[in-house]
Amino acid sequence: MLKSARKQEKDDEGRMPLLDHLRELRNRLLKAVLAIVVVTIVAAFFQKDIYDFLLRPLLESVGCKDGVVVAVNGKPCALLKTNTLLAPFTNALKVALMSGVLLATPVWLYQLWAFVAPGLHQGEKRYAYAFAVVGAPLFLSGGYLAYAILPQTAEIMLGFSPENVQNQIELDSYLDLLVRMVIVFGIAFELPLLLIALNMTGVVTGKRMLGWWRGMIVGLTAFAAIATPGGEPVSMLLLAGPLAVLYFIAVGFSLLNDKRRNRNNPDAELSDDEASDLDLTPEPIGSIESVSGSRPALPGQASGEADGPGSHRLNGYDDIT
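All values reported here derive from a predicted model rather than from experimental measurement.

A. View of the overall build of the protein chain. Regarding its fold elements, the protein chain presents twelve helices and two strands. The helix and strand sequence of the protein chain, counted from the amino end, reads α-α-α-β-α-α-α-β-α-α-α-α-α-α. When burial is assessed residue by residue, the protein chain has 35% of its 321 residues classed as buried. Put simply, of all contacts in the protein chain between residues at least 6 apart along the chain, 71% involve residues at least 24 apart. Surface exposure of the protein chain reaches about 20,700 Å², of which carbon and sulfur atoms provide 64%.

B. Just helix 10 (residues 213-227), in detail. Its 15 residues place the ends of helix 10 20 Å apart at the C-alpha level, agreeing with the 21 Å of an ideal helix rising 1.5 Å per residue. The set of residues buried in helix 10 consists of Met 216, Leu 220, Ala 224 and Ala 227. Down the axis of helix 10, the buried set is contained in an arc of 70°. They therefore lie on one face. In helix 10, the exposed positions that point more than 90 degrees away from the buried face belong to Arg 214, Gly 215, Val 218 and Ile 226. Looking at the buried positions of helix 10, the neighbouring elements they touch are helix 7 (171-188), helix 8 (191-200) and helix 11 (233-261).

C. Examining the nonpolar core more closely. Residues Tyr 174, Phe 185 and Leu 239 are the most contacted members of the largest nonpolar core, which totals 59 residues. Those residues in contact with Leu 239, other than ones at most four positions away along the chain, are Leu 145, Phe 185, Phe 189, Phe 223, Ala 224 and Ala 227.

D. The environment of Leu 239, seen in detail. Inspection of the secondary structure assignment puts Leu 239 in helix 11. Relative accessible area serves as the criterion here: at 0%, Leu 239 is assigned to the buried category.

E. Broad picture of the packing of aromatic side chains. Under the defined criterion, the tally for this structure stands at four aromatic pairs. Judged by centre distance (4.5 Å) and plane angle (10°), the rings of Phe 53 and Tyr 147 are stacked. Within this pair, whereas Phe 53 is found in helix 3 (residues 47-62), its partner Tyr 147 is found in helix 6 (residues 127-158), the two being separated by 94 residues in sequence. Classification of Tyr 147 by relative accessible area gives buried; the value is 12%. Ring geometry for Tyr 247 against Phe 248: centres 5.1 Å apart, planes inclined by 65°, an arrangement best described as edge-to-face. Under the relative-accessibility criterion, Tyr 247 is labelled buried at 0%. The exposure class assigned to Phe 248 is partly exposed, which follows from its relative accessible area of 38%. Here the aromatic residues Phe 53, Tyr 144 and Tyr 147 are joined through ring pairs into a cluster of three or more.

F. Structural detail: the confidence of the model for the protein chain. When pLDDT is averaged across the protein chain, the result is 75; 69% of the residues are at 70 or more. Confidence over residues 1-6 falls short of pLDDT 50; this stretch has 18 contacts with residues more than four positions distant or in other chains.

G. Structural view of the side chain of Gln 111. Relative to the elements of secondary structure, Gln 111 occurs in helix 5 (residues 105-116). Of the residues examined, Gln 111 reaches a relative accessible area of 9% and is grouped as buried. Excluding anything up to four places from it in sequence, Gln 111 contacts Arg 28, Lys 31 and Ala 32.

H. How the structure looks around helix 4 (residues 87-103). End to end, helix 4 covers 24 Å across 17 residues, agreeing with the expected 24 Å (1.5 Å per residue, within 8%). For helix 4, the full list of buried residues reads Ala 87, Asn 91, Ala 92, Val 95, Ala 96, Met 98, Ser 99, Gly 100 and Leu 102.

I. Quick look at the environment of Pro 106. If you trace the backbone, Pro 106 turns up in helix 5. Residue Pro 106 is classed as partly exposed on the basis of its relative accessible area, which comes to 37%. Sequence separation of Pro 106 and Ala 35 is 71 residues, and the distance between their C-alpha atoms is 9.8 Å.

J. Fine view of the packing of helix 4 against helix 7. Closest axis-to-axis distance for the helix 4/helix 7 pair is 10 Å, and the angle between their directions is 10°. Accordingly, the angle class assigned to the pair helix 4 and helix 7 is roughly parallel. Residue-level inspection shows Asn 91, Lys 94, Val 95, Met 98 and Leu 102 of helix 4 in contact with helix 7, the latter providing Leu 171, Asp 172, Leu 175, Asp 176, Val 179 and Val 182. Looking at side-chain class alone, the contact of helix 4 with helix 7 contains seven nonpolar, one polar and three charged residues.

K. Region of interest: the pattern of salt bridges. Counted under the stated rule, the structure contains three salt bridges. Salt-bridge contacts for Lys 48 lead to Asp 52; the nearest nitrogen and oxygen are separated by 3.4 Å. Here Asp 52 and Lys 48 lie together in helix 3, a separation of four residues that amounts to about one turn. The partner of Asp 176 in a salt bridge is Lys 94, and the shortest N-O contact between them spans 2.5 Å. Here Asp 176 is found in helix 7, whereas its partner Lys 94 is found in helix 4, with 82 residues between them in sequence. Of the residues examined, Asp 176 reaches a relative accessible area of 34% and is grouped as partly exposed. Residue class for Lys 94 comes out partly exposed when judged on its relative accessible area of 24%.

Quick notes on the rules
- Residues numbered from 1 in each chain as written.
- Predicted model: local features only at pLDDT ≥ 70, side-chain atom pairs only at ≥ 80, totals over all residues.
- Heavy atoms only, no water.
- Helix = DSSP H or I, 4+ residues; strand = E, 2+ residues; numbered from the N terminus.
- Buried < 20%, exposed > 50% of the residue type's maximum accessible area, 1.4 Å probe, protein only.
- Contact = heavy atoms within 4.5 Å.
- Areas by Shrake-Rupley, 256 points an atom, 1.4 Å probe, with all protein chains shown as cover.
- Expected span 1.5 Å × (residues − 1).
- Arc of directions from axis to C-beta.
- Core = buried A, V, L, I, M, F, W, Y, C linked by side-chain atoms within 4.5 Å.
- Phe/Tyr/Trp six-rings, centres within 6.5 Å; stacked < 30°, edge-to-face > 60°.
- pLDDT = per-residue confidence, 0-100.
- Axes fitted to C-alpha atoms, helices over the stretch in contact; angles between N-to-C directions.
- Parallel < 35°, antiparallel > 145°, perpendicular 65-115°, else oblique.
- Nonpolar A, V, L, I, M, F, W, Y, C, P; charged D, E, K, R; others polar.
- Salt bridge = Lys/Arg side-chain N within 4 Å of Asp/Glu carboxyl O.

Here you go:
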């Protein structure tokens, strides 16, 4: 049985020795891998339905029918094929594994966030579940976007084929491309959660993230141009647009989080060499304490060495000094 290191040594601030951190990381990774393996095994029993789902957009857009080389719309079409004896088995394994990674997204995202969450304050640890709940739809949305734009990309790529030339696409190559696009698009859609995690752990402020917006727009556009295999502007904008919107959503959330956090800490935004404002407002003076009239005698005064009868002075002074 896997036993969490945090149950062995509890700390309100999530502090643990290095070996306990490594043990905790091992446990989290094993749980995530176990979830992926279980879902992969289940997906293997629905292999035919998954194949139909993955191949339908490509076959409907550029698939060849009845052995022709030109589709009904007059554009070049493609014929899917396999070349080796082991190709059907490896393709089936690849499809099942991809399904396992996608469908087990809530589990491994939660394990990732649960490993980071103890570095937060006690009141912020509840965001671990929200991270998994929000992160899973974002990852699946990115994967579905890749699945949706692939037929359009295929039409553009096959448009460069000469006339009367039959396009034969290897099934494993198509699955490799689809898996790569789904994973890349899914991870790209996790960008806002990464920025929010950095903000919640105090690494970067929302104000600083907002100052990055020009570079982020250029970087997201360049990333979209590289990630889309067709390189055409429509697919690029379909990826860069949602990423930019998600980035600004993360910036807005971080600004609100900084505002909430700074309510109890007015000096949080000051740099290390900047002095905080001093409160020079006068405060009311409390009640005056009464002083008793009787005064204890000093040793010299108690002995009677005074400046006269009944005098409290000694050699001209109030005390023996």
